[in-house]
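# Inside the fold
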Amino acid sequence: MKHIITLVAGLLCGQLQAQIGTPAARTVVGINEDWKFIKESTLLSTPESQSKAVWQSVNLPHTWNVADVMDDEPGYYRGKGFYIKNVSIDPAWKNKKVNLYVEGANQEADVLVNGKLAGKHIGGYTGFNIAISQYLQYDENTNSNRIEIHVNNRHNENIPPLTADFTFYGGLYRDCWLIATNNIHFTVADNGSSGVYITTPKVNAEAATVHLASTISNETAKPQKLKVITSIRDKAGNFVQEITSLVNVKANSEQTFQQDSKPIAKPELWSPEHPYLYTATTIITDAKTGELFDQLSNTVGFRWFSFDADKGFFLNGAPYKLVGSSRHQDYSGLGNAVPDELARKDVQWLKQMGGNFLRIAHYPQDPSILKACDELGILSSVEIPVVNEITETDSFYNNCLNMQVEMIRQNYNHPSIIIWCYMNEVLLRPHFNNDKPRQETYFANIARLARMLDSTTRKEDPTRYTMLVNHGDFNRYRDVGLTAIPMLVGWNLYSGWYGGALTDFPAFLDRHHKELPDKPLLVTEYGADADPRIHSLHPVRFDKSIEYTTAFHQYYLTEMLKRPFVAGAMLWNLADFNSEGREETMPHINNKGLLRWDRTPKDPYYYYQAALRKDPILKILGGDYVNRSGIADSNANSCRQPVQVATNLDSVTLFINGKSLGARRSNNGLVEWNVPFANGGNILQVQAQKNGQLISDQLSVDFHMLADKVNDPMLPFTQINVLLGADRYYVDEQRKQTWIPDRPYRQGGWGHVGGNPFRISNNNRLPYGTDKNMVATEDDPIYQTQQIGISEYRLDVLPGNYEITLHFAELLGGTVKGLPYNLSAELRKEDEVQRSFNVSINNIRVLENFDIGRQYGIAKAVAKKFTITVISREGIQIKFDPIKGEPVLNAIQVKKL
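Now for a description of the structure that goes with this document. Each chain has its residues counted from 1, following the order in which its sequence is written. Reporting in this predicted model follows two pLDDT cut-offs: at least 70 for local features of residues, and 80 or more for side-chain atom pairs to be given and counted; totals over whole chains, interfaces and linings ignore these cut-offs and use all residues. Based on all heavy atoms of the structure, the side-chain values leave hydrogens and waters out of the count.

Under the scheme used here, helices are H or I runs from DSSP no shorter than 4 residues and strands are E runs no shorter than 2 residues, and both carry numbers assigned from the N terminus. Of the regular secondary structure elements, the chain holds 11 helices and 60 strands. Each radius of gyration is computed over the set of C-alpha atoms, and the globule rule expresses the reference value as 2.2 Å times the number of residues to the power 0.38. Compactness check: the chain gives a C-alpha radius of gyration of 31 Å against a globular reference of 29 Å for 897 residues, within 12% of the reference. Dimensions of the chain, computed from the C-alpha atoms along their principal axes, are close to 105 × 75 × 60 Å. For the chain, with 897 residues in total, the buried portion stands at 61%. Counting contacts in the chain only where the partners sit at least 6 residues apart, residues at least 24 apart contribute 71% of the total. Counting only carbon and sulfur atoms, one obtains 48% of the accessible surface of the chain, whose full area is about 34,600 Å². Positive and negative side-chain charges of the chain, numbering 92 and 98 respectively, have mean locations separated by a distance of 2 Å. A simple rule labels every residue: compare its accessible area, found with a 1.4 Å probe on the protein chains alone, to the largest value its type can have, and call it buried under 20%, exposed over 50%, or partly exposed in between. Contacts are assigned to residue pairs that have any heavy atoms within 4.5 Å of one another. Accessible surface is estimated by sampling points in the Shrake-Rupley manner with a 1.4 Å probe; for residues, cover comes only from the protein chains shown. Under the counting rule used here, the positive set is Lys and Arg, the negative set is Asp and Glu, and His together with the chain ends is not counted. A single reference atom marks each charge: NZ on Lys, CZ on Arg, CG on Asp, CD on Glu.

All right, on to the environment of Ser381 then. Within the secondary structure, Ser381 is located in strand S28 (residues 379-383). A relative accessible area of 0% places Ser381 in the buried class. Along the backbone, Ser381 and Asn711 are 330 residues apart, and their C-alpha atoms lie at a distance of 61 Å.

All right, on to the sheet that holds strand S40 (residues 651-656) then. Strand pairing requires that DSSP identify at least two bridges connecting the strands. Read from one edge of the open sheet, 5 strands run S38-S44-S43-S40-S41, paired in mixed fashion. Here the strands that pair on one side only, and so sit at the sheet edges, are strand S38 (627-631) and strand S41 (659-665). Each strand of the sheet is rotated relative to its neighbour by a mean of 30 degrees, with strand direction disregarded. With 11 bridges joining them, strand S43 (residues 680-690) and strand S44 (residues 693-706) adopt antiparallel strand pairing. Looking across to S44, one finds that Lys690 is bridged to Gln693. Axes here mean lines fitted to C-alpha atoms, for a helix over just the part in contact, with angles spanning 0 to 180 degrees between N-to-C directions.

What follows covers the environment of Met487. Position of Met487 among the secondary structure elements: in the loop between helix H6 (474-480) and strand S31 (488-492). Residue Met487 is classed as partly exposed on the basis of its relative accessible area of 27%. Put simply, Met487 and Tyr465 are 22 residues apart on the chain and 6.1 Å apart in space, counted from C-alpha to C-alpha. Once residues lying within four places of it in the same chain are set aside, the contact partners of Met487 are Asp454, Arg458, Arg464, Tyr465, Thr466, Lys519 and Pro520.

Turning our attention to the pattern of salt bridges. For this document, the term salt bridge refers to a Lys or Arg side-chain nitrogen within 4 Å of an Asp or Glu carboxyl oxygen. With the rule as written, the count across this model stands at 42 salt bridges. When the shortest N-O distance is used, the salt bridge between Glu830 and Lys772 registers 2.5 Å. Of this pair, Glu830 sits in strand S54 (residues 827-830) while Lys772 sits in the loop between strand S49 (756-757) and helix H10 (780-783), placing them 58 residues apart in sequence. Lys772 carries the same exposure label as Glu830, and that label is buried. Here the salt bridges do not stand alone but share partners, grouping Asp165, Asp529, Lys544, Arg582, Glu584 and Lys592 into one network.

Our focus in this paragraph is the sheet that holds strand S25 (residues 318-319). Read across the sheet, 3 strands follow the order S23-S24-S25 without closing on themselves; strand pairing throughout is antiparallel. Each edge of the open sheet is held by one strand with a lone partner, namely strand S23 (305-308) and S25. Relative to S25, strand S24 (residues 312-315) runs antiparallel, the two being bridged by 2 bridges. Residue Phe314 lies in a different strand from S25, and its bridge partner there is Pro319.

Before going further, it helps to examine unusual backbone geometry. Look at the link from Leu60 to Pro61: it is a cis peptide, with omega at 0 degrees. Geometrically, the link from Ala361 to His362 is a cis peptide bond, its omega value of -5 degrees lying close to zero. With respect to the helices and strands, the residue His362 is situated in the loop between strand S27 (357-360) and helix H3 (367-376). Even without glycine at this site, Phe432 takes up a positive phi of about 60 degrees. Mapped onto the fold, Phe432 is located in the loop between strand S29 (417-424) and helix H5 (436-460). Of the residues examined, Phe432 reaches a relative accessible area of 33% and is grouped as partly exposed. Here the phi dihedral of Ala776 falls at roughly 75 degrees; this positive angle occurs in a residue that is not glycine. By the element assignment, Ala776 lies in the loop between S49 and H10.

Before going further, it helps to examine the nonpolar core. Nonpolar cores are built from buried Ala, Val, Leu, Ile, Met, Phe, Trp, Tyr and Cys residues. Side-chain atoms within 4.5 Å join them into one set. Counting residues in hydrophobic clusters, the biggest one holds 119 residues, and the most contacted among them are Met423, Leu482 and Tyr526. If near-sequence neighbours (up to four positions away) are discounted, Tyr526 is found in contact with Leu493, Tyr494, Phe552, His553, Tyr556, Leu557, Met560, Ala569, Met570, Leu571, Trp572 and Tyr608. Leu724, Tyr729, Ile804 and Ile852 belong to the second-largest nonpolar core, a separate cluster that totals 37 residues.

Dropping the structure here:
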């Protein structure tokens, strides 16, 4: 039998910690390999040949939505998938109790063993345990048992989440285990938990105590006299203390018990700076013979904490600002089926950033995440996925309550957890907007559910805080009563992004402190989209540029650090994540991450290192912008563009190609120079001193410089890539090309004649262009902006042969779906335009009666390539002659052949 582990360190939150070579108190077998999988839709598509359907061979973790959430077709498979595995069972297990433990299956699961239903589970983000002993066969000839897990990620109005700005991947996407115990064991029937609960009721610098509560199952026909021993050891394995209890358990019944340690003198306190973990190993033995029946081990961290509405958060008696991020669990190329080592790496990214807090949002995540938080020193909160809205049914309420209990019990023993949450932006999509009395009932039911969840949480775990997270509609949440229910209030605030101005953010914080003076405040989300391919010399809200997002984070963090009453700052988000319904510059991706979807850092990540870390940080920003382009200064020797350095050092000096640009002091973690780039290769180097030690960083930049006059002999024309109707740069990372913003034509140069940048009418968010997904391209920003009403495009190039590519897309028409995060409109309907025009290049007609929408469809990328010979000094003159409506051009490329 493969992957057999003798368990001595328990099923803590489903995380198996193990040691080989001890008595087989319980045995755990990983069964991730060699499953067969098929979607129900595949079976139903050819019912006459289901017996011939091809089942995929897959290993766990697995999701069936890796590809379809990234294609151009709206929507993704939400339905049923079947997983089947034949398992050989050790004959020695015949007299044991065998359970199947699933760490996560999204979101409804039925478990069958040898064709019989063994159990069900509702909820895609918590683990569950299914007793399967009675269904197993121990046939000496075949010794094979068929395990089936039917998983369904359909929309179910009684199961949260209902809607959200993330993808509801389907699949058996976390680890699966078989667990064999003796007939006397710690309960395995307690909401997927380990069955052992540890608290530290008294902790200070002088002494600490441990309290343990559990339930023993006696699945024998005789009453049992048992001895329970808990041994506490320090990080090095040295013995600290032993607690012994005698427990009598009746036949075929369960018995709870509790243990309390004596004070442990001078305990090593757990904190992010010193994440010291003790170990508490608990065993069940026969009181007379000493026979070992079961054994579990849990980590213990001694810490105490509190929140104050005026002074913020306190850890181990000292003020402590919580700064960190939220995290979604998916990963580029994997979906949500992420192996433990990559999940743990996310916590390491946060730690290396200088963060000390992780909001595990919007659902409980893989057990490896909280294990890493314990070990690396990251405080945390966990929540269930009640997002945006609710369903007013008892089934929905009960599922919410069950999820909350499962979340708490499965994660109870993690010292990193300080907050339990249960709702996120639940008033974002209010029902019954046209029926105010009915809406009031709906709001009252939300408040009732919040009270039920809050009281359940306080009962389950009185040692931690409760929190409800709201979006920025202060009046509505206050009036519905949601700010009064939890112990802490979290606000997701995006002033200066989705709406409003940056200065609205500190005003909101101050308003909360004034009007809710007894309620501790955490900023649980803030951020701005940062498409790493987009840059701007004039960054503005919603241009998706890295530069705007870096400035946004600097402003927000500075304002929160000024205010002691802001207990915590959780930026949104640690990494980019999939949200299938999103369109915009990078369709299906929420770009607010400090890391890309593949976990490559963006500039704001390094800003946070400079702002938060104590060790020397010196980093030239723009590592994803090493292929630059721009227009030469008047002397044609250089092109000046800003370069930022993230640092926590007092004074730093920047060099370009060996020449010093002078020393500058940091402004809240950032320093900026206007750098004169040369055409071709450039070497940037930054230097600083710290305690007599030289610290430096270096970045190579390839700069494609364009002459202001395209016939300038000092800078011969080779190629130009231009975005029309945009004020941003776009880097085509595959071709290593940079697209620059257009300009009006000037004699001797290049640019458009006539027209205006395309803007969506009645939209106060996008500065220019559209937010639609551009079909048939990965380079959406090339096609999302355009000059509308253009009459000419001119380039006064010298004689020669040229290749011209005109890029088009019809941006108007159709319906744009209202997404959960879109606060301005439910649905945007655009009338299709009548548009056709002719295009001529140097008086040669190249496009006749060109109707983009009719010929290609709405929001579809179209590229038309032509070659031309320029004679004498006529240059290139592209004319757009309207037939119906106004001509458009989205982008243009010109290459000298």
